[in-house]
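# Residue-level structural notes
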Amino acid sequence: MELSVQSDSESVAASQAQPACPACGGSSISEGLLVPDQEYGLTYRARYLHCAACGSLFQEPMPSLQELAGFYPADYHSMTHAGLLSSIRNRIRVSRLEKLAPKQAAILDYGCGDGAFLVDAARHMPSRQFWGFEIAERPETAHLANGAVTVVKGALPDLLAVLPQCGLITLNHVIEHLPDPLATVSALVRKLAPGGVLEGQTPAADSLERFVFGARWSGYHAPRHTVVFSRSGLSRLLERCGLTAIATQGAFNPAGLAVSLASLPHRQGGRIRRGGFKWIAFLGAASLLGPIDLISGRPGVINFSARKRPG
Ligand SMILES: [Zn+2]
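Reference entry: report on the structure contained in this document. Remember, predicted model here, so these are calculated numbers, not experimental data. (Residues numbered from 1 in each chain as written. Predicted model: local features only at pLDDT ≥ 70, side-chain atom pairs only at ≥ 80, totals over all residues. Heavy atoms only, no water.)

A few words on the pairing of strand 7 (residues 140-144). For a regular strand, side chains alternate in direction, first toward one face of the sheet and then toward the other. Judged from the 5 bridges that link them, strand 7 and strand 8 (residues 149-154) form a sheet pairing that is antiparallel. Bridge assignment links Glu140 to a residue of strand 8, and that residue is Lys153. In textbook terms, the turn of a hairpin is the stretch between consecutive antiparallel strands, and for strand 7 and strand 8 this stretch comprises 4 residues, one of which, Ala145, has a positive phi near 50°. (Pairing = 2+ DSSP bridges. Helix = DSSP H or I, 4+ residues; strand = E, 2+ residues; numbered from the N terminus.)

Have a look at this one:
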């Protein structure tokens, strides 16, 4: 895990006309980095620029929604839910939502996949209405868990047309996949009840893990992560979306560090299979190193929450 792991990554000079930072809106953008796909072996290499003001990273050029759709192979990992780790993570996530969600109001999981987490959450939090959204080419609505969960597939306007006012909106490893997070999160905030909560989990660009692993850091997840926020960049974005009482803290997610470790032998990208003995070994190593990540004060993955002003 020495710094030489960064040596074969390619630094590229920033071009003349730089876009504004999608996180803080700042225009002081420093040099970029070409990052290969370390997990699914796509040949496309994403170019990330760095915001000097807030420390967030973002793709330039920013891929379109159509281009992004082509970056997700059929065996993409969030399409599968088996395993002890995902059930532990679901349990932690449910208890966090129970604590944060105002009583009674609906809960939206933006980027819910097939809705498996919501079905689990509905079991633990009866008498709640849950909504889920997942991007899809054709609009479609499904009712799960005896009607407690409504999953809307399609484009954002398809969701906004039917979604009731929500007490809590959760984005679990989603905000870093959005090509225009300011527009999407602002639209979601308009659906939050006064005093409602927006929360989620995302990798942190200002982490020790990114410093150590460079282009092999799992937080890039190139080319699928569009904007990788620093903690201050994320706070600034949430403020710009009209939210207040913004908080971030280190999160439990050994899979992130496991992917960084599994990327170490790669020269120019590669593939990582999330299963089998090797993967279990990487998860074990990541769990042992986890306390260093938390004690460092610069966690690789963070939970965030923010509130809409009451009234
Ligand atoms: Zn910025």
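For Arg236, the location among the structural elements is in helix 7 (residues 231-240). Along the backbone, Arg236 and Gly25 are 211 residues apart, and their C-alpha atoms lie at a distance of 8.6 Å.

So, about the sheet that holds strand 10 (residues 192-203). Spatially, 8 strands are ordered 7-8-6-5-9-10-13-12 in an open sheet, and the strand pairing comes out mixed. The open sheet has two edge strands with one neighbour each: strand 7 and strand 12 (243-250). Neighbour-to-neighbour, the strand axes of this sheet turn through a mean angle of 15°, independent of strand direction. Here 7 bridges tie strand 10 to strand 13 (residues 301-308), and the two strands are oriented antiparallel to one another. (Axes fitted to C-alpha atoms, helices over the stretch in contact; angles between N-to-C directions.)

A few words on the side chain of Glu39. Inspection of the secondary structure assignment puts Glu39 in the loop between strand 2 (29-35) and strand 3 (46-51). In this structure Glu39 comes out as buried when scored by relative accessible area, which is 4%. (Buried < 20%, exposed > 50% of the residue type's maximum accessible area, 1.4 Å probe, protein only.)

All right, on to the nonpolar core then. Within the largest apolar cluster, 40 residues are counted, with the highest numbers of intra-cluster contacts made by Leu108, Tyr110, Leu159, Val185 and Leu198. Counting residues per element, this core draws most heavily on helix 5 (residues 181-189), at 4 residues. With residues near it in sequence (within four places) discarded, Leu198 still touches Ile169, Leu171, Val185, Leu192, Leu238, Leu243, Phe304, Ser305 and Ala306. Val35, Leu57, Val212 and Phe213 belong to the second largest nonpolar core, which has 23 residues in total. (Core = buried A, V, L, I, M, F, W, Y, C linked by side-chain atoms within 4.5 Å. Contact = heavy atoms within 4.5 Å.)

For side chains bearing opposite charge, pairing can occur when the charged atoms are close. Per the counting criterion, the structure on display carries 7 salt bridges. Linking Asp37 and Arg224 is a salt bridge whose minimum nitrogen-to-oxygen distance equals 2.7 Å. Taken as a pair, Asp37 in the loop between strand 2 and strand 3 and Arg224 in the loop between helix 6 (208-213) and strand 11 (227-228) lie far apart in primary sequence, 187 residues in all. Of the residues examined, Asp37 reaches a relative accessible area of 1% and is grouped as buried. Across the pair Asp120 and Arg123 runs a salt bridge whose closest N-O atoms are separated by 2.7 Å. Note that Asp120 and Arg123 are positioned in helix 3 (residues 116-124) at a spacing of 3 residues, about one turn of the helix. Using a relative accessible area of 8% as the deciding quantity, one classes Asp120 as buried. (Salt bridge = Lys/Arg side-chain N within 4 Å of Asp/Glu carboxyl O.)

Along the polypeptide, Ser207 turns up in the loop between strand 10 and helix 6. For Ser207, the residues in contact, after removing those within four places along its chain, are Trp217, Arg298, Pro299 and Gly300.

Burial in helix 3 covers these residues: Phe117, Leu118, Asp120, Ala121 and Ala122. Of the surrounding elements, those touching the buried residues of helix 3 are helix 2 (84-100), strand 5 (106-110), strand 6 (130-135) and strand 8.

Here the focus is the packing of aromatic side chains. Following the criterion strictly, the structure yields 6 aromatic pairs and no others. The interplanar angle of 25° and the centroid separation of 5.0 Å between the aromatic rings of Tyr110 and Phe133 together place this pair among those described as stacked. Of this pair, Tyr110 sits in strand 5 while Phe133 sits in strand 6, placing them 23 residues apart in sequence. Owing to a relative accessible area of 1%, Phe133 belongs among the buried residues under this scheme. Pairwise contacts between aromatic rings join Tyr40, Tyr72 and Tyr76 into one cluster. Directly above the aromatic system of Phe117 lies the positively charged group of Arg93, at a separation of 3.9 Å from the ring centroid. The residue whose ring lies beneath Arg298 is Phe211, and the NZ or CZ to ring-centre distance is 5.7 Å. (Phe/Tyr/Trp six-rings, centres within 6.5 Å; stacked < 30°, edge-to-face > 60°. Lys NZ or Arg CZ within 6 Å of the ring centre and 35° of its normal.)

On to the environment of Arg309, then. As for its placement among the helices and strands, Arg309 is situated in the segment after strand 13. Here the alpha-carbon distance between Arg309 and Leu84, two residues 225 residues apart in the chain, equals 38 Å. Not counting residues up to four positions away in its chain, the partners in contact with Arg309 are Pro194, Gly195, Gly242 and Thr244.

Take the packing of helix 2 against helix 3 next. Closest axis-to-axis distance for the helix 2/helix 3 pair is 10 Å, and the angle between their directions is 55°. Our classification of the angle between helix 2 and helix 3 gives oblique. Both helix 2 and helix 3 take part in a crossing whose hand is right-handed. For the pair helix 2 and helix 3, contact is made by Asn90, Arg91, Arg93, Val94, Leu97 and Glu98 and by Phe117, Asp120, Ala121 and His124, respectively. Tallied by class, the residues present in the contact of helix 2 with helix 3 amount to 4 nonpolar, 2 polar and 4 charged. (Parallel < 35°, antiparallel > 145°, perpendicular 65-115°, else oblique. Left-handed = near helix turned anticlockwise from the far one by under 90°. Nonpolar A, V, L, I, M, F, W, Y, C, P; charged D, E, K, R; others polar.)

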